[in-house]
Amino acid sequence: MKGRLSLLYFLQFGVWGCYLSCFGQLLGAGGLGPDIQWFYAAVGIVSLLTPALFGHIADRFVPSVRMLGLSHLCGSILMFCLWIYASSRPHFSFWPFFLLYLGFLLFYMPTMALANTTTFALLKSKGLRPVDRFPYIRIWGTIGFVAAMWFVNSAYIYDGVFGFTLNDMSPAASRRFQYTSMQLLSSSMLGLLTAFYTLTLPVVREGKPKSDFSVAEIFGFRAFRLFRIKDVRTFLVFAVFIGVCLQISNGFAVPFVNHFMAFPEYIGSLASGNATLLFSLSQISEAAFMVITGIAMKRIGFKWVISLAMLAWCLRFLFLGIGDPGEGLGWLLLSMIVYGIAFNFFNIAGHIYMDQKSDKTTKGFGQGLLMMMSNGIGATGGMIAAGAVVNHFCHWEMMPAPSGEGMMRLFMGDWLWPWLIFAIYALVVLCFFVFFFRNAIQKTTSNRNKTPLLGKINLTMRSK
């Protein structure tokens, strides 16, 4: 069962990895570069809506594994329609493209929680404790995400021939999937494969609770009672401001690295021509620091783990700003490494903290509330604001392709200032958090009731 569920997560996150990091480059090539922020903000908008509703349906009417398969099937169909639209025209219109993508997200985003629910139920049905098995299963999601990034980074179809290349001087380099709509087709096909794979997983029959279709029940509004606790209220407010950082690099890091291809001194650089591959190091770092997070919680406590996360976000943006594919390559690599601290220290520690502060009737709602504040409100507002900042300093231009064949649309401009602004923002939030946050749970030590919390962590948040 562990192997079968590991494959589920490998496929599940591979669907997202096919396009998430290189989607901004495709939008820029299709003439929607100034609107990148809205497509990444859509992830946060959808996180406010369908995950709770789909989870409510799975809790009461449909086995979670079947709801998971149906969601992947519908998402795959909509992504296929998006690919048809993108591949049939050189320039995209905002509303048709955005609405198709939004439809995909409406079905895909709930699969994160549904996959967790399915996994926990199947493990328990086999007499296995999720706390013992889940971390080793979930890490295959990150591996699948990275594998998908590597695939779209190097795969191409040129003159009817399918192949792989990392050489940016190759005539086929500009036809790699990371630059074209083939990233969407790859995601669609992997989503379809995931939907069929769920049919091979057993259905766990559990007693369904009495249905309650109240708005408060479906969308978890009763979790707002947690705002009565002072330090929880303070943390959730800061979760909005910290959530601002979650999607910025997902949307703009790859177009930023790609823009170096326009400079003669970086032509032929392995980094500038393989931005998606370079960016995948962030996901590898995420997997590595997943284990360290628990150790840090025990040693320095919740408040300082969150503080380190904000410091890491500051360094993430600063290193991107001063890095380049030449002599500054080391700074780019450091930026990818600190991402593991920035992402995990906030997400994992935050979910543990919310579980500790919630009573047995609000534990699930508390997790959803944190997602709503960070991935929903924070990430959405952050991407809209970040888009305005980046578009002020940078603009899309047609530039000669490094191979000398044809032109490419690249995001040119003074990138140093946007990254510095984002770094300063993270530093300011860090200072305010250290000053205002009080009365937190400082240690996760010997209490036996706290250990199983690691098995309940929702590790699906990709802000990236």
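The following refers to the structure shown. (Residues numbered from 1 in each chain as written. Predicted model: local features only at pLDDT ≥ 70, side-chain atom pairs only at ≥ 80, totals over all residues. Heavy atoms only, no water.)

**Structural notes on the overall build of the protein chain**
Part 1 of the reasoning: If you tally the helices and strands in the protein chain, you get 17 helices and 4 strands.
Part 2 of the reasoning: Counting only residues that meet the buried cut, the protein chain has 58% of its 464 residues in that class.
Part 3 of the reasoning: Pairs at least 24 apart in sequence give 80% of the contacts found in the protein chain among residues at least 6 apart.
Part 4 of the reasoning: As displayed, the protein chain offers around 18,100 Å² of accessible surface, 68% of which is attributable to carbon and sulfur atoms. (Helix = DSSP H or I, 4+ residues; strand = E, 2+ residues; numbered from the N terminus. Buried < 20%, exposed > 50% of the residue type's maximum accessible area, 1.4 Å probe, protein only. Contact = heavy atoms within 4.5 Å. Areas by Shrake-Rupley, 256 points an atom, 1.4 Å probe, with all protein chains shown as cover.)

**Some remarks on the nonpolar core**
Part 1 of the reasoning: In this structure, Trp-16, Phe-23, Phe-97, Leu-184, Phe-235 and Phe-252 are the most contacted members of the largest nonpolar core, which totals 127 residues.
Part 2 of the reasoning: Counting residues per element, this core draws most heavily on helix 15 (residues 329–357), at 12 residues.
Part 3 of the reasoning: Judged by nonpolar contacts, the second largest core, of 7 residues, contains Met-261, Met-399, Met-408 and Leu-410. (Core = buried A, V, L, I, M, F, W, Y, C linked by side-chain atoms within 4.5 Å.)

**Thoughts on the side chain of Arg-176**
Part 1 of the reasoning: Take Arg-176: it is sitting in the loop between strand 2 (161–164) and helix 9 (182–198).
Part 2 of the reasoning: Residues contacting Arg-176, with those up to four places away along its chain left out, are Val-152, Asn-153, Ser-154, Ala-155, Tyr-156, Thr-165, Leu-166, Asp-168, Gly-273 and Asn-274.

**As for a nonpolar patch on the surface**
Part 1 of the reasoning: Taken together, Ile-322, Trp-331, Leu-334, Ile-337 and Leu-416 make up a surface patch of nonpolar side chains, about 400 Å² in accessible area.
Part 2 of the reasoning: By residue number, the principal contributor to the nonpolar patch is helix 15, which donates 3 residues.
Part 3 of the reasoning: Take Leu-334: its relative accessible area is 35%, and that puts it in the partly exposed class. (Patch = residues over 30% accessible without salt bridge, like charges linked within 9 Å, V, L, I, M, F, W, Y side chains within 5 Å. Salt bridge = Lys/Arg side-chain N within 4 Å of Asp/Glu carboxyl O.)

**Section: the pairing of strand 3 (residues 394–400)**
Part 1 of the reasoning: Of the pairings in the sheet, the one linking strand 3 to strand 4 (residues 407–413) comprises 7 bridges and is antiparallel in character. Across the sheet, Trp-396 pairs through a bridge with Phe-411, a residue of strand 4.
Part 2 of the reasoning: Hairpin connection from strand 3 to strand 4: 6 residues lie between these consecutive antiparallel strands, with Gly-404 at a positive phi of about 85°. (Pairing = 2+ DSSP bridges.)

**Brief notes about the side chain of Thr-234**
Part 1 of the reasoning: Summarising the element assignment, Thr-234 is placed in helix 11 (residues 230–243).
Part 2 of the reasoning: Owing to a relative accessible area of 19%, Thr-234 belongs among the buried residues under this scheme.

**With respect to the packing of aromatic side chains**
Part 1 of the reasoning: Throughout the structure, instances matching the rule amount to 52 aromatic pairs.
Part 2 of the reasoning: When the ring of Phe-162 is compared with that of Phe-177, the centres are 6.3 Å apart and the planes differ by 45°; the resulting orientation is tilted. Pair noted here: Phe-162 is in strand 2 and Phe-177 is in the loop between strand 2 and helix 9, with a separation of 15 residues, a long-range link.
Part 3 of the reasoning: Accessibility expressed as a relative area gives 46% for Phe-162, which makes it partly exposed.
Part 4 of the reasoning: A relative accessible area of 3% places Phe-177 in the buried class.
Part 5 of the reasoning: Ring geometry for Trp-396 against Phe-411: centres 4.5 Å apart, planes inclined by 15°, an arrangement best described as stacked. Placement of Trp-396 in strand 3 and of Phe-411 in strand 4 is noted, with a sequence separation of 15 residues between them.
Part 6 of the reasoning: Among the residues examined, Phe-411 registers a relative accessible area of 0% and is labelled buried.
Part 7 of the reasoning: Positioned above the aromatic ring of Tyr-85, the side-chain terminus of Arg-89 is 4.0 Å from the ring centre.
Part 8 of the reasoning: If you follow Arg-138 out to its NZ or CZ, it ends over the ring of Phe-13, 4.4 Å from the centre. (Phe/Tyr/Trp six-rings, centres within 6.5 Å; stacked < 30°, edge-to-face > 60°. Lys NZ or Arg CZ within 6 Å of the ring centre and 35° of its normal.)

**Quick word on the environment of Leu-49**
Part 1 of the reasoning: Within the element layout of this structure, Leu-49 appears in the loop between helix 3 (36–47) and helix 4 (50–60).
Part 2 of the reasoning: Spatially, the C-alpha atoms of Leu-49 and Gly-376 are 9.3 Å apart, while their sequence positions differ by 327 residues.

**Let's talk about the packing of helix 5 (residues 64–87) against helix 6 (residues 94–108)**
Part 1 of the reasoning: Interaxial distance between helix 5 and helix 6 falls to 8 Å at its minimum, and their mutual angle equals 160°. Compared by their axis directions, helix 5 and helix 6 come out roughly antiparallel. Seen along the crossing, helix 5 lies across helix 6 with a hand that is left-handed. Facing helix 5, whose interface residues are Ser-71, His-72, Cys-74, Gly-75, Leu-78, Met-79, Cys-81, Leu-82, Tyr-85 and Ala-86, helix 6 presents Pro-96, Phe-97, Leu-100, Tyr-101, Gly-103, Phe-104, Phe-107 and Tyr-108.
Part 2 of the reasoning: For the contact of helix 5 with helix 6, the class distribution of residues is 14 nonpolar, 4 polar and no charged. (Axes fitted to C-alpha atoms, helices over the stretch in contact; angles between N-to-C directions. Parallel < 35°, antiparallel > 145°, perpendicular 65-115°, else oblique. Left-handed = near helix turned anticlockwise from the far one by under 90°. Nonpolar A, V, L, I, M, F, W, Y, C, P; charged D, E, K, R; others polar.)

**Re the packing of helix 11 against helix 17 (residues 416–436)**
Part 1 of the reasoning: Running from amino to carboxyl end, helix 11 crosses helix 17 at an angle of 175°, the nearest separation of the two axes being 11 Å. The angle between helix 11 and helix 17 places the two elements in the roughly antiparallel class. The residues of helix 17 that touch helix 11, namely those facing Thr-234, Phe-235, Phe-238, Phe-241 and Ile-242, are Tyr-425, Val-429, Phe-432, Phe-433 and Phe-436.
Part 2 of the reasoning: A class-by-class count of the residues in the contact of helix 11 with helix 17 yields 9 nonpolar, 1 polar and no charged.

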